[in-house]
Amino acid sequence: QEYLAVKIVVNQVGPNASPELTQLVKDSKVYLLAGTLRPETMYGQTCCFVSPKIDYGVFPTKKEGEYVVCTERAYQNMSYQDITPHRGVWDAKLVINGKELIGSEISSPISVVEKMHVLPMDTIIATKGTGVVTCVPSDSPDDYITVQDIRKKPEYYNVDPSWLPVDDVLVLRSAKYGDHTAKFLIEDLKIQSPKDKEKLALAKELAYKEGFYNGTVIIGPYNGMSVVEAKPKIRDDLVNAGEAFNYSEPEKPVVSRSG
Ligand code: ZZB
């Protein structure tokens, strides 16, 4: 699986950050690394998700004074792909729980919304991607329903309502689902909560397929172009600007049955 890791700048830490993390963000450049398969939707980011159930590492990059936040597992993978300073070395400068990051003020490449915040997503899987998910509520049903749920009960999630994104930014058009694919599918499949796992998996698959094969970009420099055409261009632009990099995730290790 070939992911794009998007570098989201942490401008200011939130209220739960430890003194160590606060100091590090003051003294250095710290990026959240969001793993995505959909670079063409990056204009529509409205926040970034981490899981309060996952521990993350703050790891060094090849640039002095620059750090990235992701799961140890993800960084370990990267350490064999000539992305990190030392091959096969994955020592974290700092280990932090996702909770520490919530409420941080961030900004992400090509996002129309310039000032965003980190919010909690309980359904992030620790063993996939970087453990950091950039939120695109226009085209990701999981993101759409998660933001809605936080909006409904911010106290439960321990989220300051001022961190919530305002309007969704619409980035793709398709014949089947219009300009707001995620909203369409959430309503059509009557998905009520981020815990509706099976329906959300179906919504994700439908959104992926329609977006990729029949989607058109309706924003930014590739406005009017098909997703098939624009996707690699947007990916390359981000990589060339140093705002993202490609990395691959190995298939799950297979347990040998041969004995
Ligand atoms: C932005 C985005 C915009 C995404 C969209 C999807 C969609 P897959 O196919 O299952 O590998 N993601 C990444 N890592 C995780 C994780 N650890 N746990 C839960 N979700 C994760 O899914 C990869 C996509 O799932 C990634 O691409 C990321 O969200 C999220 F419009 O990034 B995506 C229809 C989906 N649309």
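For the protein chain, the name recorded in an unreviewed UniProt entry is leucine--tRNA ligase, with Starmerella bacillaris as its organism.

Caption draft 1: Expanded view of the packing of helix H5 (residues 181–188) against helix H6 (residues 197–214). Interhelical geometry of H5 versus H6 gives an angle of 140 degrees and a closest axis separation of 10 Å. Judged on the interaxial angle alone, H6 and H5 are oblique. As for the relative orientation of H5 and H6, their crossing is right-handed in sense. Taken together, the residues of H6 that come into contact with H5 (itself represented by Thr181, Ala182, Leu185 and Ile186) are Ala203, Leu206, Ala207, Glu210 and Gly211.

Caption draft 2: Region of the structure containing helix H3 (residues 141–152). In a regular helix each residue adds 1.5 Å, so 12 residues correspond to 16 Å; H3 covers 17 Å between its end C-alpha atoms and thus fits that length. Here H3 has its buried residues at Pro141, Asp142, Asp143, Tyr144, Ile145, Thr146, Val147 and Ile150. Where H3 is buried, its residues touch strand E3 (47–50), strand E8 (116–120), strand E9 (133–135), helix H4 (154–157), H5 and H6.

Caption draft 3: A look at H6. The end-to-end C-alpha distance of H6, which contains 18 residues, comes to 25 Å, matching closely the 26 Å that a straight helix rising 1.5 Å per residue would cover. All of the buried residues along H6 are Leu200, Ala203, Ala207, Glu210 and Gly211. Down the axis, H6 shows its buried residues gathered within 105 degrees of arc, on one side only. Turned more than 90 degrees away from the buried face of H6, the exposed residues are Lys197, Glu198, Ala201, Glu205 and Tyr213. Where H6 is buried, its residues touch H3, strand E10 (172–173), H5 and helix H7 (227–240).

Conventions adopted
Residues numbered from 1 in each chain as written. Predicted model: local features only at pLDDT ≥ 70, side-chain atom pairs only at ≥ 80, totals over all residues. Axes fitted to C-alpha atoms, helices over the stretch in contact; angles between N-to-C directions. Helix = DSSP H or I, 4+ residues; strand = E, 2+ residues; numbered from the N terminus. Parallel < 35°, antiparallel > 145°, perpendicular 65-115°, else oblique. Left-handed = near helix turned anticlockwise from the far one by under 90°. Contact = placed C-beta atoms within 7 Å. Expected span 1.5 Å × (residues − 1). Buried ≥ 20, exposed ≤ 12 C-beta atoms within 10 Å, placed from the backbone. Arc of directions from axis to C-beta.

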